[in-house]
Amino acid sequence: MSARLYLLAAALLFSTGGAAIKATTLSSWQVASLRSLLAGVVLLVLLPESRRGWSWRVGMAGVAYAVTLVSFAVATKLTTGANAIYLQSTGPLYLLVIGPVFLRERLRRTDLWLGVAVAVGMLLFYLDPAGATATAPDPVRGNWYGALSGLGWGVTVACLRVAAREGGGSSLAPVAVGNLLAFVAALPMAWPLAMPGPVDWVALGYLGVVQIGLAYWCLTRGLRQVAAFAASALLLVEPALNPVWTWLLHGEAPSGYALAGGGIILAATLGSAWVQRDQR
């Protein structure tokens, strides 16, 4: 039970990222850069696993994870929190191509159905007629960044699989490397850095130290004792609650298209995890 509570705490902390990013007055690139700097330092200090097994494979996963981090921050600033997190959840769709071509993994019929469902859910975001709002000033461009975040996450998972097969070290090492790379990559677009106000400093500190650093601390402790399906089900709390926090704190209500698309993606992901559990 304590391990499951750690995973639930991690998912809850992860889910607050969208609302915290929208709370800042800084640009999306500034948030992406400074958040990742703080998170990278916290991970290296708090989690010794993140300092082990650095290699070129870890570096590749770190690059993909950096793309995920930066594009999600940009997407969150431009579109709704629901669109950003649901589009990031489309990572399994890209693995349908990456797995057979690059990892030599055999596709199952359930994988194909998952891909179809995720693609349908993803399409709904681009059919959404909702216009710009105060908290989502450019939803069309933001949706594309959200899709890029999903692609980055899919590649990250693929790189982690390669590293796991070949004894590539801790899965936390790419997280730390990815945050440090995200800081460097986003910095040119973030320059010149505006002086953050008090609210910005609180939000950035929360994002780096709590929403990423503490969340991964909880995640590593929970994963040690919880089976894969139970862990994946608990972690779906993140995309489920992310739009709730942005609605409560910023009055940002997701559209019907976003709710339908996100519901399809989450249901398909959970169903696929359940089927794979039965097959093992």
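Structural notes, computed from the coordinates. Just so you know, the residues in each chain are numbered from 1, in the order the chain's sequence is written. The predicted origin of the model limits local features to residues at a pLDDT of at least 70 and limits the giving and counting of side-chain atom pairs to 80 or more, whereas totals for whole chains, interfaces and linings rest on all residues. Each side-chain value is derived from all of the structure's non-hydrogen atoms; neither hydrogens nor water enter the calculation.

## Observations concerning the overall build of the protein
Going along the chain from the N terminus, every DSSP run of H or I of four or more residues is numbered as a helix, and every run of E of two or more is numbered as a strand. In terms of helices and strands, the protein carries 13 helices and zero strands. Put simply, the protein runs from its N terminus to its C terminus through helices and strands in the order α-α-α-α-α-α-α-α-α-α-α-α-α. Along the first, second and third principal axes, the C-alpha set of the protein runs to 50 × 45 × 40 Å. Split into buried and exposed, the 280 residues of the protein put 49% on the buried side. Contacts between residues were defined by any pair of non-hydrogen atoms, one from each residue, lying within 4.5 Å. Pairs at least 24 apart in sequence give 90% of the contacts found in the protein among residues at least 6 apart. Per-residue accessibility, obtained with a 1.4 Å probe over protein chains only, is compared with the maximum for each type, and a residue is labelled buried under 20%, exposed over 50%, and partly exposed between these values.

## Things to note about the packing of aromatic side chains
Stacked, edge-to-face and tilted are the three classes for Phe, Tyr and Trp ring pairs, Trp counted by its six-membered ring, which pair at centre distances within 6.5 Å; planes under 30 degrees apart are stacked, over 60 edge-to-face, the rest tilted. In this structure the tally under the stated criterion is six aromatic pairs. Judged by centre distance (5.1 Å) and plane angle (70°), the ring pair of phenylalanine 14 and tyrosine 216 falls under edge-to-face. Of this pair, phenylalanine 14 sits in helix H1 (residues 2-15) while tyrosine 216 sits in helix H10 (residues 198-223), and the two are 202 residues apart along the sequence. When its relative accessible area of 9% is taken as the criterion, tyrosine 216 is described as buried. Both rings, one in tyrosine 86 and one in phenylalanine 125, keep their centres 6.2 Å apart while their planes meet at 45°; by these two values the pair is tilted.

## Digging into the side chain of glutamate 252
Secondary-structure assignment places glutamate 252 in the loop between helix H12 (237-250) and helix H13 (256-279). In protein, a polar contact means a hydrogen-donor-capable atom and an acceptor-capable atom, both N or O and within 3.5 Å, with residues adjacent in sequence counting only if both atoms are side-chain atoms; elsewhere, any N or O pair within 3.5 Å suffices. A polar side-chain atom of glutamate 252 sits 3.2 Å from a polar atom in the side chain of lysine 22. Discounting residues that sit within four places of it in the chain, glutamate 252 has contacts with Lys22, Thr79, Thr80, Gly81, Ala82, Thr135, Ala136, Pro243, Thr246 and Trp247.

## Considerations on a nonpolar patch on the surface
Think of a patch as exposed residues, more than 30% relative accessible area, with no salt bridge, where like charges cluster within 9 Å and nonpolar side chains (Val, Leu, Ile, Met, Phe, Trp, Tyr) cluster within 5 Å. Each accessible area is a Shrake-Rupley estimate made with a 1.4 Å probe; only the visible protein chains count as cover when residues are assessed. Think of a salt bridge as a Lys or Arg side-chain nitrogen and an Asp or Glu carboxyl oxygen that are within 4 Å of each other. Judged by side-chain polarity, Val63, Val67, Leu148, Leu151 and Leu181 come together as a nonpolar surface patch covering roughly 350 Å² of accessible area. Only helix H4 (56-78) and helix H8 (139-165) provide two or more residues apiece to the nonpolar patch. Looking at the element boundaries, leucine 151 is found in helix H8.

## As for the packing of helix H6 (residues 91-102) against helix H7 (residues 109-127)
Axis geometry follows a simple rule: fit a line to the C-alpha atoms, using only the stretch in contact for helices, then measure angles between N-to-C directions, giving values from 0 to 180 degrees. Here H6 crosses H7 at 135°, and the two axes come no closer than 8 Å. For the element pair H6 / H7, the angle class is oblique. When the axes of H6 and H7 are compared, the crossing they make is left-handed. Contacts between H6 and H7 involve Pro92, Leu93, Tyr94 and Leu96 from the former and Asp111, Leu114, Gly115, Val118, Ala119 and Met122 from the latter. Under this grouping Gly is polar, as are all residues other than the nonpolar Ala, Val, Leu, Ile, Met, Phe, Trp, Tyr, Cys and Pro and the charged Asp, Glu, Lys and Arg. A per-class count over the contact of H6 with H7 returns eight nonpolar, one polar and one charged. Angle categories: roughly parallel below 35 degrees, roughly antiparallel above 145, roughly perpendicular from 65 to 115, and oblique for all the rest. Working rule for handedness: look at the near helix, and if it is turned counterclockwise from the far one by less than a right angle, call the crossing left-handed; if clockwise, right-handed.

## So, unusual backbone geometry
A cis amide bond links tryptophan 191 to the next residue, proline 192, at an omega of 0°. Position of proline 192 among the secondary structure elements: in the loop between helix H9 (173-190) and H10.

## Points about the side chain of serine 71
Among the structural elements, serine 71 can be located in helix H4. Within the structure, the side chain of serine 71 is placed 3.4 Å from the backbone oxygen of threonine 68, a separation counted as a polar contact. Beyond its immediate sequence surroundings of up to four residues, serine 71 is in contact with Tyr145, Leu148 and Ser149.

## A word on the environment of tyrosine 86
By the secondary structure assignment, tyrosine 86 is in helix H5 (residues 81-88). Assessed through its relative accessible area of 6%, tyrosine 86 is described here as buried. Counting along the chain gives 57 residues from tyrosine 86 to asparagine 143, while the straight-line C-alpha distance between them is 9.9 Å. Leaving out residues up to four positions away in the same chain, tyrosine 86 has contacts with Phe125, Pro239, Pro243, Ala258, Gly262, Ile265 and Leu266.

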